[in-house]
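Observations on chain architecture
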Amino acid sequence: MNTPASPLIDWHALAQVLLTSVATGLGLVVLFCVGIYSFSLSRRGDSTVTLRTFNRVAVVAIGLVIIATAVWGFIVIVSK
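1. A few points about the overall build of the protein chain
Secondary structure assignment for the protein chain yields 2 helices and 0 strands. A compact globule built from 80 residues would reach a C-alpha radius of gyration of about 12 Å, whereas the protein chain, at 21 Å, exceeds it by more than 25%. Referenced to the eigenvectors of the C-alpha coordinate spread, the extents of the protein chain come out at roughly 80 × 20 × 15 Å. Surface summary for the protein chain: the accessible area is close to 6800 Å², and the carbon and sulfur share equals 75%.

2. Quick look at the pattern of salt bridges
On inspection of all chains with the given rule, the structure shows 1 salt bridge. For D46, the salt bridge goes to R44, with nearest N and O atoms at 2.9 Å. D46 sits in the exposed class, given a relative accessible area of 60%.

3. A closer look at helix α1 (residues 11–42)
An α-helix turns once per 3.6 residues; consequently, residues spaced three or four apart project the same way. The end-to-end C-alpha separation of α1 is 46 Å, in line with the 46 Å expected for 32 residues at 1.5 Å each. Residues of α1 that are buried include every one of G35, S38, L41 and S42, and no others. In this structure, the buried residues of α1 make contact with α2 (49–79).

4. Digging into α2
An ideal rise of 1.5 Å per residue puts 45 Å on 31 residues; α2 measures up with 45 Å between its terminal C-alpha atoms. All of the buried residues in α2 are R52, N55, A58 and I62. In the core, the buried residues of α2 are packed alongside α1.

5. Re the packing of α1 against α2
Direction vectors running N to C along α1 and α2 enclose 155°, while the axes themselves pass 8 Å from each other. Relative to α2, the element α1 lies roughly antiparallel. Every pair of crossing elements has a handedness; the one defined by α1 and α2 is left-handed. In this structure, α1 contributes T20, T24, L28, L31, F32, V34, G35, S38, F39, L41 and S42 to the contact, and α2 contributes R52, N55, R56, A58, V59, I62, V65, I66, T69 and W72. Classifying every residue of the contact of α1 with α2 gives 12 nonpolar, 7 polar and 2 charged.

Conventions we followed
- Residues numbered from 1 in each chain as written.
- Predicted model: local features only at pLDDT ≥ 70, side-chain atom pairs only at ≥ 80, totals over all residues.
- Heavy atoms only, no water.
- Helix = DSSP H or I, 4+ residues; strand = E, 2+ residues; numbered from the N terminus.
- Rg over C-alpha atoms; globule rule 2.2 N^0.38 Å.
- Areas by Shrake-Rupley, 256 points an atom, 1.4 Å probe, with all protein chains shown as cover.
- Salt bridge = Lys/Arg side-chain N within 4 Å of Asp/Glu carboxyl O.
- Buried < 20%, exposed > 50% of the residue type's maximum accessible area, 1.4 Å probe, protein only.
- Expected span 1.5 Å × (residues − 1).
- Contact = heavy atoms within 4.5 Å.
- Axes fitted to C-alpha atoms, helices over the stretch in contact; angles between N-to-C directions.
- Parallel < 35°, antiparallel > 145°, perpendicular 65-115°, else oblique.
- Left-handed = near helix turned anticlockwise from the far one by under 90°.
- Nonpolar A, V, L, I, M, F, W, Y, C, P; charged D, E, K, R; others polar.

See the structure below:
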């Protein structure tokens, strides 16, 4: 009995890894840039207190998302 040969490379899985890596990498860069911009706006003295507070909350939220993404990445790496 001949069994069909399985392909050497799982192209679907490779495409998923590539897409996830590119999306995560670009997403983190964009989040970091927005976080730095929000931080610089929160340090400006000529803006309102509400705007500075909003930007500080945005910096904290973006920082938590970046940290959560890094933790998720470590969990995925360790579980494989």
